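# An overview of the molecular structure
For reference, the chains in residue letters:
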Amino acid sequence: MAQSQFTTFYIDDSLYGIDVRYVREINRNTDITPVELAPPYVRGLLNLRGQIVTILDCAVRIGLPVKDVLSTSRCIVLKTSDESKKSGATDTDEMSGAHDIIGLLIDKIGDMVIVDEEAIEPPPANSGGVDGKYIQGVVKLEKELLVVLRLREILSHDSV
């Protein structure tokens, strides 16, 4: 039985997840420099040990309102498409086009969750205000619902 492992995180009180194979690191640094004339979902730039990371506001990107950065906020730094290939990710299509280092600003980090792939159900018609094109599926966990996001859509420039 095939399984998938997800890095989970919260936006407001909802639990979201992305495939752990595409996560480089989770960083506490939220000292983000705004960029003029950037799309609303681009929160700004982050200097991460000398590397410039473009930070996307995950909430805004999936169709939710802008929020303040919280003390629990984190940046999930994603691997580039080349890094994903080198680390053995077979489905690098999710990261196609991600040549720059990109991070997702989230409200609070969750746990690592391993689920059977058969447990991933199609997204419901009403996904709490989240644009359906960003949702790969949902998983019913013991205490809550995990919304699995499509990184390819989140990182796509033409998904605006």
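Residues numbered from 1 in each chain as written. Predicted model: local features only at pLDDT ≥ 70, side-chain atom pairs only at ≥ 80, totals over all residues. Heavy atoms only, no water.

Looking only at helices and strands, one finds three helices and 10 strands in the chain. When the helices and strands of the chain are read in sequence order from the N terminus, they spell out β-β-β-β-β-α-β-α-β-β-β-β-α. Looking at the chain as a whole, 46% of its 160 residues qualify as buried. When contacts within the chain are restricted to residue pairs at least 6 apart in sequence, long-range pairs at least 24 apart make up 64% of them. Total accessible area on the chain is roughly 8,600 Å²; 48% of this is exposed by carbon and sulfur atoms. (Helix = DSSP H or I, 4+ residues; strand = E, 2+ residues; numbered from the N terminus. Buried < 20%, exposed > 50% of the residue type's maximum accessible area, 1.4 Å probe, protein only. Contact = heavy atoms within 4.5 Å. Areas by Shrake-Rupley, 256 points an atom, 1.4 Å probe, with all protein chains shown as cover.)

Another aspect to go through is the sheet that holds strand E7 (residues 102-106). A sheet is described by the order of its strands in space; here five strands give the open sequence E3-E6-E7-E5-E4, paired in mixed fashion. On the outer flanks of this sheet lie strand E3 (23-27) and strand E4 (42-48), each paired with one strand and no other. Taking each pair of neighbouring strands and ignoring which way they run, the sheet shows an average axis angle of 30°. Looking at chain direction, E3 and strand E6 (residues 74-78) are connected through four bridges and run antiparallel. By the bridge assignment, Val23 is partnered in E6 with Leu78. (Pairing = 2+ DSSP bridges. Axes fitted to C-alpha atoms, helices over the stretch in contact; angles between N-to-C directions.)

With that settled, the discussion passes to the packing of aromatic side chains. Per the counting criterion, the structure on display carries one aromatic pair. Stacked on the ring of Tyr41, the Lys or Arg Arg61 has its end atom at 4.0 Å from the ring centre. Above the face of the Tyr10 ring, Lys108 is positioned so that its terminal group lies 4.8 Å from the ring centre. (Phe/Tyr/Trp six-rings, centres within 6.5 Å; stacked < 30°, edge-to-face > 60°. Lys NZ or Arg CZ within 6 Å of the ring centre and 35° of its normal.)

In this section: the sheet that holds strand E8 (residues 108-116). Overall, mixed pairing links the five strands, which are arranged E8-E1-E2-E10-E9 in an open sheet. Each having just a single partner strand, E8 and strand E9 (135-140) make up the two edges of the open sheet. Direction aside, neighbouring strands of the sheet carry axes that sit 30° apart on average. In the sheet, strand E1 (residues 3-11) pairs with E8 via seven bridges, with the strands oriented antiparallel. For Gln5, the partnering residue across the bridge sits in E8 and is Ile114.

Counting residues in each nonpolar core, the largest one holds 28 residues, and the members touching the most others are Phe9, Tyr16, Ile18, Ile62, Leu104 and Leu149. Of all the secondary-structure elements, those providing two or more residues to this core are E1, strand E2 (14-19), helix H1 (58-61), E6, E7, E9, strand E10 (145-149) and helix H3 (151-155). Beyond its immediate sequence surroundings of up to four residues, Ile18 is in contact with Gln5, Phe6, Thr7, Phe9, Val23, Ile76, Leu78, Leu104, Leu149 and Leu151. Residues Val53, Cys75, Val77 and Leu105 belong to the second largest nonpolar core, which totals nine residues. (Core = buried A, V, L, I, M, F, W, Y, C linked by side-chain atoms within 4.5 Å.)

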